[in-house]
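Residue-level structural notes
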Amino acid sequence: MRRAVITASATAAGVVLLLSLKPHDAAPAHAISSANGGGAAGASGTSGAGTGTGTGATDGAQSADGATRTLTGSAVNTRYGPVQVKVTTAGGRISRIDVIQYPTGDRRDREINEYAIPVLNQEAIAAQSADIDVVSGATYTSDGYTRSLQSALDQAGE
Amino acid sequence: MTADHVEHVMGTVFSFAVRDPGPETGPAVRRIVERLHRIDALFSTYRPESEISRLDRGELALAEADPEVRRVLERCAELTAETGGYFTARPGGRLDPSGYVKGWAVEEASRALRASGSAHHCVSGGGDVQTAGGPWRIGIADPHREGAVARVVTGHDLAVATSGTAERGPHIIDPHTGLPSASFASLTLVGRGLTRLDALATAAFAMGAPALRWLAAKGVRALAIHPDGRQETTGSWG
């Protein structure tokens, strides 16, 4: 049971991360603010993990490949509380993920987050380094797709 | 992949990525998408007016059905024979060739892209993948960690079909017992043509434990991920 809860929590935060992993140089702010409900990515925000509440923000240098950039995602309401992440990219690759807001309602939440968020960091970076084109997995429904890695790949052009 | 098109159809999602787009690509994708919706209208078990629903209720005679419906049901019957009954167009007693139709629709989409001049593309539908050209890097979803990849398969002209319980729970019925099969968390097959591969994946999933040996004997490469997370492959996998 504990394992199931951890997975659910990781998944909720994973949506935020995946929505934020947009290497498109041209439109980072748009990519992230789409968690608020605009476009294809918005469907992820509404069906998977609740509705985004903040607005996307970009700071750091807007410059050529190789530059370090920091993207702050919208806060997304999950069933465990709001989750918000900051992603640092270098040369279009994720170099660091900081979770700047996560549920801390009770001791159990803290236990879950201490475990889930570091693991999630590793997984998000590992999945990116695998550099895959497409995912084969158990049949998803139209709704499940919005939470899938395939959905993230479809949105993240390279 | 950068999806050139994403289409919600047949209760799932189809993604298209074309690496060698030309002037014919856009119109070809539009025609393919129209065809997918026609296939859904003919074959959906969720639509009471589909030919499959009407055949099941006895309101439509097979001889009067769309030629495409007849061909699909013939092919399903051949696969039932090949799989010793583990693949069937009547998995829960009612007529439901969905286990064939999705993989077939994805492969048909790839065939149509080829006909439009594309030699490098990837089509996925509900987690089943048909590629042309390459190399393509195909991640196999880890059924125990949503969003994570268990393995990566790289190659040219590959089809990859996965059956599993990750999203919908145990739902693949063993036709011989009438009970859902839960031997594997997921079972992935790698080959050339998705239509047959997808049907074999469904059959092998229902078969359970003996499936890997059965697939190996057919020369089909497979990766099983067991409910305890253990991974097992046919000898030919690597």
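Bear in mind the structure is a predicted one, so any value in this text is a computation, not a measurement.

1. Comments concerning the overall build of chain B
Regarding its fold elements, chain B presents six helices and twelve strands. Buried residues in chain B amount to 53% of all 238 residues. Of the contacts made within chain B by residues no fewer than 6 positions apart, 55% connect residues no fewer than 24 positions apart. As displayed, chain B has an accessible area near 10100 Å², and 50% of this comes from carbon and sulfur atoms.

2. Structural notes on the sheet that holds strand β10 (residues 186–191) of chain B
Remark on secondary structure: sheet strands pair via backbone hydrogen bonds, oriented parallel or antiparallel. All names here are of chain B. Here we have eight strands laid out as an open sheet, ordered β1-β2-β3-β4-β7-β10-β11-β12, and antiparallel in their pairing. For this open sheet the edge positions go to β1 (5–9) and β12 (231–233), each flanked by a neighbour on one side alone. Looking at each pair of strands side by side, their axes are set apart by 10 degrees on average, direction ignored. Bridging between β10 and strand β11 (residues 221–225) involves five bridges; their strand directions are antiparallel. Looking at the pairing, S186 lines up with I225 of β11. Along the sheet face, helix α1 (residues 25–43) touches β1 and β2 (12–18) and points at about 10 degrees away from the line of β1.

3. Notes on the nonpolar core
Residues and elements named next belong to chain B. Core analysis: the biggest nonpolar cluster contains 55 residues, and F16, F43, L187 and L189 have the highest contact counts within it. For this core, the element with the most residues is helix α5 (residues 194–207), which contributes ten residues. Not counting residues up to four positions away in its chain, the partners in contact with L189 are A159, V160, A161, L197, L200, A201, L215, V220, R221 and A222. Residues C122, I140, L158 and L223 belong to the second largest nonpolar core, which totals 14 residues.

4. Remarks on the sheet that holds strand β5 (residues 136–141) of chain B
Taken in spatial order, the three strands of this open sheet run β6(A)-β5(B)-β6(B), and their pairing is mixed. Across the chains shown, the open sheet's two edge strands, defined by having one partner strand only, are β6 (134–136) of chain A together with β6 (149–155) of chain B. Averaged over all adjacent pairs, the angle separating strand axes in this sheet is 30 degrees, with direction ignored.

5. What to know about the confidence of the model for chain A
Residues and elements named next belong to chain A. Confidence in the prediction for chain A averages 52 pLDDT; 22% of positions are at 70 or higher. Mean pLDDT across the elements of chain A ranges from a minimum in helix α2 (residues 28–33), with 26, to a maximum in β6, with 84. Low confidence marks residues 1–64, where pLDDT is under 50. Its contacts with residues over four positions away, or in another chain, come to 125 contacts.

6. Focus: the packing of aromatic side chains
All names here are of chain B. Overall, the coordinates contain three aromatic pairs over all chains when judged by the stated rule. Consider the rings of F184 and F205, whose centres lie 6.0 Å apart with planes at 65 degrees: the pair is edge-to-face. One end of the pair, F184, is in the loop between β9 (179–180) and β10; the other, F205, is in helix α5, and 21 residues separate them in sequence. Note on accessibility: F184 and F205 belong to one class, buried.

7. Side note on the packing of α5 of chain B against helix α6 (residues 211–218) of chain B
Residues and elements named next belong to chain B. Contact pair α5 / α6: the axes reach a minimum separation of 9 Å and the direction vectors enclose 150 degrees. Taking contact as the criterion, the partners of R196, L200, A203, A204 and M207 in α5 are, on α6, A211, W214, L215 and K218. Its residues assigned to classes, the contact of α5 with α6 comprises seven nonpolar, no polar and two charged.

8. Quick notes on unusual backbone geometry
All names here are of chain B. For the bond from G134 to P135, the omega torsion is 5 degrees, close enough to zero to count as cis. Within the element layout of this structure, P135 appears in the loop between β4 (128–132) and β5. With a phi close to 60 degrees, M10 is a non-glycine residue in the positive phi region. Mapped onto the elements, M10 comes out in the loop between β1 and β2. Positive phi values are uncommon outside glycine, yet D157 reaches one of about 50 degrees. Position of D157 relative to the elements: it lies in the loop between β6 and β7 (159–164). Assessed through its relative accessible area of 30%, D157 is described here as partly exposed.

9. Some points on the pattern of salt bridges
All names here are of chain B. One pass over the structure, following the stated rule, counts 16 salt bridges over all chains. Among the ionic pairs, R196 bridges to E82, the shortest N-O distance being 2.6 Å. Taken together, the residues span a long stretch of sequence, with R196 in helix α5 and E82 in helix α3 (residues 67–82) at a distance of 114 residues. The partly exposed category is assigned to R196, whose relative accessible area is 34%. Each of R35, E68, E107, E108 and R111 takes part in salt bridges that share partners, so that together they form one network.

Definitions and cut-offs
Residues numbered from 1 in each chain as written. Chains lettered and ligands numbered in written order. Predicted model: local features only at pLDDT ≥ 70, side-chain atom pairs only at ≥ 80, totals over all residues. Heavy atoms only, no water. Helix = DSSP H or I, 4+ residues; strand = E, 2+ residues; numbered from the N terminus. Buried < 20%, exposed > 50% of the residue type's maximum accessible area, 1.4 Å probe, protein only. Contact = heavy atoms within 4.5 Å. Areas by Shrake-Rupley, 256 points an atom, 1.4 Å probe, with all protein chains shown as cover. Pairing = 2+ DSSP bridges. Axes fitted to C-alpha atoms, helices over the stretch in contact; angles between N-to-C directions. Core = buried A, V, L, I, M, F, W, Y, C linked by side-chain atoms within 4.5 Å. pLDDT = per-residue confidence, 0-100. Phe/Tyr/Trp six-rings, centres within 6.5 Å; stacked < 30°, edge-to-face > 60°. Nonpolar A, V, L, I, M, F, W, Y, C, P; charged D, E, K, R; others polar. Salt bridge = Lys/Arg side-chain N within 4 Å of Asp/Glu carboxyl O.

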